[in-house]
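Structural overview
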Amino acid sequence: MFSDKSIERIVLDCPFCGKKPQVALGKKNYCQLHGDPYQGVRVFCVENYCPAKPAIQAGDVYNGGEWKAMDEAIVLWNRRGTLKDDRK
């Protein structure tokens, strides 16, 4: 799916359970108005016992490219984790 370039950006652990999340392509969908395809990148917790099961989907592989979509999703995931730390 993603090559070694995806290692360049570090994904923070899940802010709820502390496990490493997974990065993968989201479900391919189509615009209801124009029929154009769009597919985001998901960053999500795969831990069965995570109390929140958080997931973030962002970007569009068809509009901007796979790397840009992956960066957008990872930045949002990491930002959410740091917001929790800022509230202390």
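The structure we're discussing is the one just above.
Our subject in this report is the structure included herewith.

Each value, and the rule that gives it
Residues numbered from 1 in each chain as written. Predicted model: local features only at pLDDT ≥ 70, side-chain atom pairs only at ≥ 80, totals over all residues. Heavy atoms only, no water. Salt bridge = Lys/Arg side-chain N within 4 Å of Asp/Glu carboxyl O. Buried < 20%, exposed > 50% of the residue type's maximum accessible area, 1.4 Å probe, protein only. Pairing = 2+ DSSP bridges. Helix = DSSP H or I, 4+ residues; strand = E, 2+ residues; numbered from the N terminus. Axes fitted to C-alpha atoms, helices over the stretch in contact; angles between N-to-C directions. Core = buried A, V, L, I, M, F, W, Y, C linked by side-chain atoms within 4.5 Å. Contact = heavy atoms within 4.5 Å.

Here we look at the pattern of salt bridges
Scanning the model with the defined rule gives 1 salt bridge in all. Residues D13 and K20 are paired through a salt bridge, measuring 3.4 Å at the closest nitrogen-oxygen approach. Residue classification places D13 among the partly exposed residues on the basis of a relative accessible area of 36%.

Quick notes on the sheet that holds strand β4 (residues 41-44)
Pairing within the open sheet is antiparallel, and its 3 strands lie in the order β1-β4-β5. If you trace the sheet from one side to the other, it starts and ends with β1 (22-25) and β5 (55-58), each paired once. If you compare each strand with its neighbour and ignore which way they point, the axes differ by 20° on average. Note that β4 and β5 share 4 bridges and pair antiparallel. If you follow F44 over to β5, its bridge partner there is A55.

What to know about the nonpolar core
The biggest cluster of nonpolar side chains holds 14 residues, and the ones touching the most others in it are V11, C14, V41, V43, A73, I74 and W77. Counting residues per element, the ones that place at least two in this core are β4, β5 and α1 (66-86). Element by element, the count of residues in this core is highest for α1, at 5 residues. Leave out the neighbours within four places in its chain, and W77 touches V11, L12, D13, C14, P15, P21, V43, F44, C45, P54, A55 and I56.

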